[in-house]
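Chain and residue survey
For reference, the chains in residue letters:
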Amino acid sequence: MGLFSRNVEAAQLETVDASLQPYYAGQAPLFYLSDTTATRAEAMSVPTINRACSIIQTIGSLPMNVYNEGTGMKVEPMPRVINQPDPRIAGSVFWSWIVSDLFFHPTAYAYATERYADTGRIRAMERIAPERVTIQTNAQSTEITAYMIDGAYIDAANLVVFAGCSEGLLSRAGRTIKAAAALESAALDFALNPNPQMVVKSNGTSLPPDRVSKLMQALSRRIKKSFVYLNADVSLDSFGYDPKNLQLNEARNYVALELARATGIPAYFVDAQQSTFTYSNALDKRRDLIDFAFRNYLSIIEQRMSFADFVPAGQKVRFDLDDFLRGSLAERIAAYKTLFDIGAITTDEIREEEDLFS
């Protein structure tokens, strides 16, 4: 009985009640219903956003490590939940979806499905789509008092909340996304119907309805041909604008640049701006990507996974960016030599960094 009581007490100590966090304006589920807010389907139909989301989801492929805050040493073995939160799928899939949720929405969610019996820490969790989650706040709308998934109240201690730093792309750039989606739709319409809108006019008396119907059917079959013959009773005129007069390409390029700004991705990464990648500057551009696009997402995930319901006090979770920012072999050898000469690294550590033990 005493052991059971200690386990229950430990489990209570190693949980985080998500309902105790503050509420910030713009996080209400009602903003999804705004006519200025785009949907994920609309956003992903735009090539610029699709490309930007794919780049952001690269974070999901980066490994994470647990470190001792006092010594800075890696903690081994570390909990499997860090790099494979959901045992049913690869960890990169889980984290890619969490990152994309933070990209599009103000908050990402996961739900604890397993806990360790001795500590109560989370052993496994599954991703919950933000559209499924609703909240209740206090009378002052300053704190969240309850969470619901699919309309049913849940134990907030089992909800893992990755609170974002903004309203989410669908809200803050909703108008621009809708404009881009409309331009894509217009481009498709012109591709399917390259001819301008045609109008058939009678040159004399009004034609009977049955003859008009037959004439329109005949024209619809022949209009794609090189030429069409009409008798003196009717004439064929066109009106409207072609893509060149509408400056459709220019409008799409402008919106692509605006969306690159909204996503925080440098324009040359989403091909919204011309740029020349070379072997010498590719690493610098990756550092720019980390500093100006990835940093917020990395920090949100690292700090939430460092809470007491995942790792003990005195430990922290950090992404391993070494492979992503890996320089050329010559650069690495020069760095290893410098570190080895001052005694900061050993031969075995160099072999481990270069994966030479396997």
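Note: the structure precedes this text.
Notes on the structure follow. (Residues numbered from 1 in each chain as written. Predicted model: local features only at pLDDT ≥ 70, side-chain atom pairs only at ≥ 80, totals over all residues. Heavy atoms only, no water.)

1. Let's talk about a negative patch on the surface
To be explicit about the condition: Each patch groups residues whose relative accessible area exceeds 30% and which form no salt bridge, using 9 Å between like charges and 5 Å between nonpolar side chains of Val, Leu, Ile, Met, Phe, Trp and Tyr. Computed with the Shrake-Rupley method and a 1.4 Å probe, the accessible areas treat only the protein chains shown as cover for residues. Note on definitions: salt bridges are taken to be side-chain nitrogens of Lys or Arg within 4 Å of carboxyl oxygens of Asp or Glu. Charge assignment in this entry is limited to Lys and Arg as positive and Asp and Glu as negative, and neither His nor the chain termini are counted. Charged side chains are reduced to one point each, which is NZ for Lys, CZ for Arg, CG for Asp and CD for Glu. In DSSP terms, a helix is any run of H or I states spanning at least four residues, a strand is any run of E spanning at least two, and both are numbered starting from the N terminus.
Residues Glu 76, Asp 322, Asp 348, Glu 349, Glu 352 and Glu 353 make up a contiguous surface patch of negative charge. Mapped onto the elements of the fold, Glu 352 is located in helix 12 (residues 347-353).

2. Looking at the sheet that holds strand 3 (residues 122-128)
Rule in force here: When DSSP finds two or more bridges between two strands, those strands count as paired. Each axis is a line fitted through C-alpha atoms, taken for helices only over the stretch in contact, and angles between the N-to-C directions span 0 to 180 degrees. We call two residues in contact when some of their heavy atoms are within 4.5 Å.
Read from one edge to the other, the open sheet built from three strands follows the order 3-2-7, with strand pairing classed as antiparallel. Each edge of the open sheet is held by one strand with a lone partner, namely strand 3 and strand 7 (159-163). Ignoring strand direction, the axes of neighbouring strands in this sheet form an average angle of 35 degrees. The pairing of strand 2 (residues 107-115) with strand 3 spans six bridges and is antiparallel. By the bridge assignment, Ala 110 is partnered in strand 3 with Arg 127. Here helix 4 (residues 91-104) sits on the sheet and contacts strand 2, strand 3 and strand 7; the angle it forms with strand 3, its principal contact strand, is near 50 degrees.

3. Observations regarding a nonpolar patch on the surface
Note the following rule: Remark: exposure states derive from per-residue accessible area (1.4 Å probe, protein chains only) relative to the maximum for the residue type, with buried under 20%, exposed over 50%, and partly exposed in between.
A cluster of nonpolar side chains, namely Ile 89, Val 93 and Trp 97, defines an oily patch on the protein surface of about 230 Å² accessible area. Following the sequence through the fold, Trp 97 ends up in helix 4. Residue classification places Trp 97 among the partly exposed residues on the basis of a relative accessible area of 36%.

4. Overview of the side chain of Ser 96
Looking at where Ser 96 falls in the secondary structure, it is placed in helix 4. According to the relative accessible area criterion, Ser 96 is buried, its value standing at 14%. Non-local contacts of Ser 96, meaning those with residues more than four positions away in its chain, are made with Gln 57 and Gly 60.

5. Quick look at the nonpolar core
The condition that has to hold: Here, the term nonpolar core denotes a set of buried Ala, Val, Leu, Ile, Met, Phe, Trp, Tyr and Cys residues that are joined through side-chain atoms within 4.5 Å.
With 59 residues, the main nonpolar core has Met 125, Phe 162 and Phe 294 as its most contacted residues. When residues of this core are assigned to their parent elements, the largest contribution, nine residues, is made by helix 10 (residues 282-305). Once residues within four sequence positions are removed from consideration, Phe 294 is found in contact with Ile 55, Ile 56, Thr 58, Ile 59, Leu 289 and Phe 324. Grouped together as the second largest cluster of nonpolar side chains are 13 residues, Ile 135, Ile 144, Tyr 147 and Leu 159 included.

6. Examining the packing of aromatic side chains
Our working definition: Ring pairs are drawn from Phe, Tyr and Trp, using the six-membered ring of Trp, whenever the two centres fall within 6.5 Å, and their geometry is named by plane angle: stacked under 30 degrees, edge-to-face over 60, tilted for the rest.
Applying the stated rule across the entire model yields four aromatic pairs. Ring geometry for Trp 95 against Phe 162: centres 5.9 Å apart, planes inclined by 85 degrees, an arrangement best described as edge-to-face. Pair noted here: Trp 95 is in helix 4 and Phe 162 is in strand 7, with a separation of 67 residues, a long-range link. Comparing Trp 95 with Phe 162 shows no difference in burial state: the two are buried. Ring centres 4.9 Å apart and planes at 70 degrees place the aromatic pair Phe 103 and Phe 104 in the edge-to-face group. The same class applies to Phe 103 and to Phe 104, which are both buried. Taken together, the aromatic side chains of Phe 94, Trp 95 and Phe 162 make up a single cluster linked through ring pairs.

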